[in-house]
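# Understanding the architecture of this molecule
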Amino acid sequence: MSSKKILYCYPAESDENLYITSCRRVWESAGYIVKFFPNSFSGLMNFKLFFGNTIVLNWFEDRMAHGGIQILSFIKSMILLLVIRCTFKKVIWVRHNLTPHNYYSPFLYNLLLNVLGRFSDVTVTHRNVKGLNSCYIPHPLYPIDDEIKCDVKDVDYLYFGVVKSYKNIDLLLEGWPADQTLVMAGYCNDIKYEEKLKKIIFTRKLKVTWRNEFLDYNDLCVLISKSKCVVLPHSDGKMIVSGAFYQAVSLGVNVLIRDGEFFKEYLRKFDFVHSFNINDIESSLSGLVLHSYDHIQQVVQSEFSDDVIAERWNEVISK
């Protein structure tokens, strides 16, 4: 296979987030040999530099929110980006977020965005975003064990994922109907926020079960599969898409998402995706029409199958 069929990716795969693993599956199905660019400067010292091939950058815009001294993070990012630009014939930047979830310097962040836009040959997003000049490529589905499919749906509503304040779970609980059950599956490492959520649940006497722990991926998939509907309460002012949405639909589960641009500009075309107003959740739940696993899978495969996504990646890479 010629060198032009080698595709580099940054960062490398991680057990904590299977997005890169899912992308690698798609790229390999399209005929590429996938290699990973070093995550650290020590790894970069042992990397054989030569001009050629294509690299796909993920979450590079979030490097300013990894903690530490902001100006130092910016300088390191500039050096790494310069090395990448001088090493690869084509640089594709996949932008995942509009702004970082953690603390960052707005000035340095915007400067990084400007340089990224200039250094990259193509910017990719997983939905069309107003004001962004990008190519749309669907987000890949998550890997699911063939044996994970629960016919018994004994969980009415499920929230899953790390519990952090930016996800607005407190607002969800403040407006959650007292007669509706909700399962929360996700660890909270913020003691004050944890206490705040527990106080809301206790004070409002909510039928909420909270598994405040990290769940194994397969265990989480089983829990999602047992659910009638996954609830996504966070606003989309920071994110472009939500990985939780794709994990839910990978398992053929309905989704209830907070009304916003992600829904209005992209997800409303899917009849198994329902929006809710954070100030009137009860009304949103009362008219909910849930769809079957088979129906959801049929629609999802037509939109997010590996073949569909591989074709789009080939178009972008070959431009």
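Attention in this report is confined to the structure presented alongside it. Since the model is a prediction, treat every value here as computed from it, not as a measurement.

### Considering the environment of Ser225
With respect to the helices, strands and loops of the structure, Ser225 is situated in helix α7 (residues 217-225). The exposure class of Ser225 is buried, given its relative accessible area of 1%. Separated by 173 residues in sequence, Ser225 and Gly52 place their C-alpha atoms 43 Å apart. Of the polar contacts made by the side chain of Ser225, one reaches the backbone nitrogen of Cys150; its length is 2.8 Å.

### Quick look at the packing of helix α8 (residues 243-250) against helix α11 (residues 293-304)
Viewed as axis vectors pointing N to C, α8 and α11 meet at an angle of 125 degrees, and their least axial separation amounts to 10 Å. Judged by the inter-axis angle, α8 sits oblique to α11. Mapping the contact onto sequence places Phe245, Tyr246, Val249 and Ser250 in α8 and Ile296, Gln297, Val300 and Phe304 in α11. Within the contact of α8 with α11, the residues separate by chemical class into six nonpolar, two polar and no charged.

### Let's talk about the sheet that holds strand β12 (residues 273-276)
The parallel open sheet is built from six strands, whose spatial order is β9-β8-β7-β10-β11-β12. Each edge of the open sheet carries a strand with a single partner, namely β9 (208-211) and β12. Strand-to-strand, the axes of this sheet are offset by a mean angle of 25 degrees, without reference to chain direction. By the bridge criterion, four bridges tie strand β11 (residues 254-258) to β12 in an arrangement that is parallel. Looking across to β12, one finds that Val255 is bridged to Val273.

### Considering the pattern of salt bridges
One pass over the full model with this rule turns up 14 salt bridges. Among the ionic pairs, Glu315 bridges to Arg312, the shortest N-O distance being 2.5 Å. Within this pair, Glu315 and its partner Arg312 are both found in helix α12 (residues 306-318), separated by three residues, close to a single helical turn. Overall, the relative accessible area of 34% leaves Glu315 in the partly exposed class. Relative accessible area serves as the criterion here: at 21%, Arg312 is assigned to the partly exposed category.

### Section: unusual backbone geometry
Look at the link from Tyr10 to Pro11: it is a cis peptide, with omega at -5 degrees. Along the chain, Pro11 falls in the loop between β1 (6-10) and α1 (19-29). Notably, Trp59 is not glycine yet its phi reads approximately 60 degrees, a positive angle. Relative to the helices and strands, Trp59 is located in the loop between β3 (54-58) and α3 (70-87). Phi at Lys205 takes a positive value of approximately 55 degrees, unusual for a residue other than glycine. Residue placement: Lys205 occurs in the loop between α6 (191-203) and β9.

### A look at helix α4 (residues 106-119)
Each turn of an α-helix holds 3.6 residues, which means side chains three or four residues apart point in the same direction. Between the first and last C-alpha of α4 there are 20 Å, a value that for 14 residues agrees with the 20 Å anticipated at 1.5 Å per step. Listing the buried residues of α4 in full gives Leu108, Tyr109, Leu112, Leu113, Val115 and Leu116. Its buried side turned inward, α4 meets β3, α3 and β4 (90-94).

About the thresholds
Residues numbered from 1 in each chain as written. Predicted model: local features only at pLDDT ≥ 70, side-chain atom pairs only at ≥ 80, totals over all residues. Heavy atoms only, no water. Helix = DSSP H or I, 4+ residues; strand = E, 2+ residues; numbered from the N terminus. Buried < 20%, exposed > 50% of the residue type's maximum accessible area, 1.4 Å probe, protein only. Polar contact = N/O pair within 3.5 Å; in protein donor to acceptor, adjacent residues only side chain to side chain. Axes fitted to C-alpha atoms, helices over the stretch in contact; angles between N-to-C directions. Parallel < 35°, antiparallel > 145°, perpendicular 65-115°, else oblique. Contact = heavy atoms within 4.5 Å. Nonpolar A, V, L, I, M, F, W, Y, C, P; charged D, E, K, R; others polar. Pairing = 2+ DSSP bridges. Salt bridge = Lys/Arg side-chain N within 4 Å of Asp/Glu carboxyl O. Expected span 1.5 Å × (residues − 1).

Structural measurements only, silent on function.
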